[in-house]
Amino acid sequence: MTLEEEVEDLVKTTAILEAVCGERPLGWDHTGIGASERSFQLLAEEGYVWNGDLRDDDLPYGIVRQRQDIGGDPHRSRTTGDYSWFNHGLTSETRAQRSHREAAQFFQDTFDAYYETAKREWPQLITFVIHPYTSCTPERIGALDRMISYMKGCPDVWFTTYIDLARYWKENYL
């Protein structure tokens, strides 16, 4: 997109989301590969606090563009989302499916590795991504319930939203 098209798209999208949800969005997650180089600046200028387009780390970080900042809340899609848990992380329509029991075990193994790293080294982030068309069947909802219960049984695990995570990270680490 040209700069003008990107600004128009951002302004229109923001207005639509605010009208539908009743409050202005503070975060942005692009459905494609990622944002353009100028997108972070435009988002910061429009009052956005976080961006979830980045797939390059497990921890949030600040993105600074021309004296505007916005928090990056990245995630590793291959290990921390329902596509990976239930579909072996493949993105084509002909994916190998895991059963709900296999998915819960895969998630527990992933969580345990992140949790142990957090205890030894530094905080870890698992983005709990759920897509209704992937995960909202009775057996998969049950697996998700077991995953959440398992995490809740571990000390020092924080369940939060992207906006609260971005604010916390900015206040404490940036």
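Reference entry: report on the structure contained in this document. What you are looking at is a predicted structure, and each value in this text was computed from that prediction instead of being measured.

## Looking at the packing of aromatic side chains
Then, number 1: Summed over all chains, the structure comprises six aromatic pairs.
Then, number 2: With a centroid separation of 5.8 Å and 85° between ring planes, the pair formed by Phe 111 and Tyr 150 is classed as edge-to-face. In this pair, Phe 111 sits in helix 4 (residues 100-120) while Tyr 150 sits in helix 6 (residues 138-152), placing the two residues 39 residues apart along the sequence.
Then, number 3: A relative accessible area of 5% means that Phe 111 is categorised as buried.
Then, number 4: Classification of Tyr 150 as partly exposed rests on a relative accessible area of 29%.
Then, number 5: Taking 5.2 Å as the distance between ring centres and 65° as the angle between the ring planes, the aromatic pair formed by Trp 158 and Tyr 168 counts as edge-to-face. One end of the pair, Trp 158, is in the loop between helix 6 and helix 7 (162-173); the other, Tyr 168, is in helix 7, with ten residues separating them in the sequence.
Then, number 6: On the basis of relative accessible area, Trp 158 is assigned to the partly exposed category, the value being 48%.
Then, number 7: For Tyr 168, a relative accessible area of 34% puts it in the partly exposed group.
Then, number 8: Just above the ring of Phe 106 sits the side chain of Arg 98; from NZ or CZ to the centre is 3.9 Å.

## Quick notes on the environment of Thr 13
Then, number 1: Relative to the elements of secondary structure, Thr 13 occurs in helix 1 (residues 3-21).
Then, number 2: Between the C-alpha atoms of Thr 13 and Pro 25, which are twelve residues apart in sequence, the distance is 9.6 Å.
Then, number 3: At a separation of 2.7 Å, a polar atom in the side chain of Thr 13 contacts the main-chain carbonyl oxygen of Asp 9.

## A look at the side chain of His 100
Then, number 1: Within the fold, His 100 resides in helix 4.
Then, number 2: Engagement of the side chain of His 100 in a polar contact is seen with the side chain of Arg 101, the distance being 3.4 Å.
Then, number 3: Apart from residues no more than four positions distant in its own chain, His 100 is found in contact with Phe 86, Glu 139, Arg 140, Ala 143 and Arg 146.

## As for the pattern of salt bridges
Then, number 1: In the structure shown here, the tally under the stated rule is four salt bridges.
Then, number 2: For Lys 12, the salt bridge identified is with Glu 8, shortest N-O distance 2.9 Å. Of this pair, Lys 12 and Glu 8 both sit in helix 1, four residues apart, which is roughly one turn of the helix.

## Digging into the packing of helix 4 against helix 6
Then, number 1: Two numbers describe how helix 4 lies on helix 6: the axes approach to 9 Å, and their chain directions differ by 25°. Overall, the two elements helix 4 and helix 6 adopt an arrangement that is roughly parallel. Handedness of the helix 4/helix 6 crossing: right-handed. Residues His 100, Ala 103, Ala 104, Phe 107, Gln 108, Phe 111 and Asp 112 of helix 4 touch helix 6, and the partners they reach there are Glu 139, Arg 140, Ala 143, Arg 146, Met 147, Tyr 150 and Met 151.
Then, number 2: Across the contact of helix 4 with helix 6, the residue classes tally to eight nonpolar, two polar and four charged.

Calculation rules
- Residues numbered from 1 in each chain as written.
- Predicted model: local features only at pLDDT ≥ 70, side-chain atom pairs only at ≥ 80, totals over all residues.
- Heavy atoms only, no water.
- Phe/Tyr/Trp six-rings, centres within 6.5 Å; stacked < 30°, edge-to-face > 60°.
- Helix = DSSP H or I, 4+ residues; strand = E, 2+ residues; numbered from the N terminus.
- Buried < 20%, exposed > 50% of the residue type's maximum accessible area, 1.4 Å probe, protein only.
- Lys NZ or Arg CZ within 6 Å of the ring centre and 35° of its normal.
- Polar contact = N/O pair within 3.5 Å; in protein donor to acceptor, adjacent residues only side chain to side chain.
- Contact = heavy atoms within 4.5 Å.
- Salt bridge = Lys/Arg side-chain N within 4 Å of Asp/Glu carboxyl O.
- Axes fitted to C-alpha atoms, helices over the stretch in contact; angles between N-to-C directions.
- Parallel < 35°, antiparallel > 145°, perpendicular 65-115°, else oblique.
- Left-handed = near helix turned anticlockwise from the far one by under 90°.
- Nonpolar A, V, L, I, M, F, W, Y, C, P; charged D, E, K, R; others polar.

Everything listed here is a matter of coordinates, which is why it stays silent on function.
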